[in-house]
Amino acid sequence: MNWAATVWLILMIGFVVMEAACPFHLVSVWFAIGSLAAMVVAICSGAVWLQITVFAVVSVGLLIAMLPLVKKFVIPKQEKTNVESVVGSMGYVTETVDNMDATGQVKLGGMYWTARSEDGHKIPAGTLVEVTRIEGVKAFVTPVPVEEEAKV
């Protein structure tokens, strides 16, 4: 085996080791296959510029060709949670909401949430509120004006 084929073999082994160190991420498998193709060209006594060109074309070609497949199977899908459905919903304060004392609880659709006032004002128990945002396990709420309360 000539020196160029040995270099491509060492590069291929290095890329395979990198791939093995990062399973299921498909980081360097494209370059390992490109190195294999360049090694074949080197064994067939191809010029160095041809070896480098074959390496680049095969590696980039595989990367571009397989990108949709990688996106479909490797990249995790973002799944919406029930938290997004809570924002904008209305519920009743079951424990007075007071940001200074770090107290407050609201009932939203049969579930109890720790609550904080969006504007910092106290909200007494029994008040109809609307959820403006969720942070962790806390619902930030604002009181619903009395005229809107009659519509609900």
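Described in the following lines is the structure provided in the data block. (Residues numbered from 1 in each chain as written. Predicted model: local features only at pLDDT ≥ 70, side-chain atom pairs only at ≥ 80, totals over all residues. Heavy atoms only, no water.)

A word on the overall build of the chain. Per the secondary structure count, the chain includes five helices and five strands. Its helices and strands in sequence order give the chain the pattern α-α-α-α-β-β-β-β-β-α, from N to C terminus. Relative to its full complement of 152 residues, the chain shows a buried share of 28%. Taking contacts inside the chain between residues at least 6 apart in sequence as the whole, the part at least 24 apart equals 47%. Summing over all exposed atoms, the chain offers an accessible surface of approximately 10,000 Å²; the carbon and sulfur share of this is 68%. (Helix = DSSP H or I, 4+ residues; strand = E, 2+ residues; numbered from the N terminus. Buried < 20%, exposed > 50% of the residue type's maximum accessible area, 1.4 Å probe, protein only. Contact = heavy atoms within 4.5 Å. Areas by Shrake-Rupley, 256 points an atom, 1.4 Å probe, with all protein chains shown as cover.)

A few words on helix 1 (residues 3-21). Look at helix 1: 27 Å from first C-alpha to last across 19 residues, which is about the 27 Å you get at 1.5 Å a residue. All of the buried residues along helix 1 are A4, A5, W8, M12, F15 and E19. Projection of helix 1 onto a plane perpendicular to its axis shows the buried side chains occupying an angular sector of 95 degrees, all on one side. Exposed side chains of helix 1 directed beyond 90 degrees from the buried face belong to W3, I10, V17, A20 and A21. (Expected span 1.5 Å × (residues − 1). Arc of directions from axis to C-beta.)

Moving on, we get to the packing of aromatic side chains. A full pass over the atoms with the stated rule returns four aromatic pairs. Where W8 meets F55, the ring centres are 5.2 Å apart and the plane angle is 35 degrees; that geometry is what we call tilted. Of this pair, W8 sits in helix 1 while F55 sits in helix 3 (residues 48-73), placing them 47 residues apart in sequence. A residue is classified by how much of its surface remains accessible, and W8, at 9% relative accessible area, is buried. Arranged with centres 6.3 Å apart and planes meeting at 15 degrees, the rings of F15 and F55 form a pair that is stacked. (Phe/Tyr/Trp six-rings, centres within 6.5 Å; stacked < 30°, edge-to-face > 60°.)

Judged by nonpolar contacts, the single largest core of 13 residues is most densely connected at V106, L108, W113, V131, A139 and V141. Top element by residues in this core is strand 4 (residues 128-135). It accounts for three residues. Aside from chain neighbours lying at most four places away, what touches V141 is V106, A115, R116, S117, E118, I123, V129, E130, V131 and T132. Within the second largest apolar cluster, 10 residues are counted, among which are A5, F15, A32 and A38. (Core = buried A, V, L, I, M, F, W, Y, C linked by side-chain atoms within 4.5 Å.)

Reading around the barrel, the five strands line up as 1-2-3-5-4 and close back on themselves, with mixed pairing between neighbours. Between one strand axis and the next, the sheet turns through 50 degrees on average, direction left out of account. Bridging between strand 4 and strand 5 (residues 138-143) involves six bridges; their strand directions are antiparallel. Within the sheet, the bridge partner assigned to I134 lies in strand 5 and is A139. (Pairing = 2+ DSSP bridges. Axes fitted to C-alpha atoms, helices over the stretch in contact; angles between N-to-C directions.)

Attention now goes to the pairing of strand 3 (residues 111-117). Pairing geometry for strand 2 (residues 103-108) and strand 3, over four bridges, is antiparallel. Paired with L108 across the strands is M111, a residue of strand 3. Taken together, strand 2 and the strand that follows it, strand 3, pair antiparallel across an intervening segment of two residues, in which G109 is found at a positive phi of about 55 degrees.

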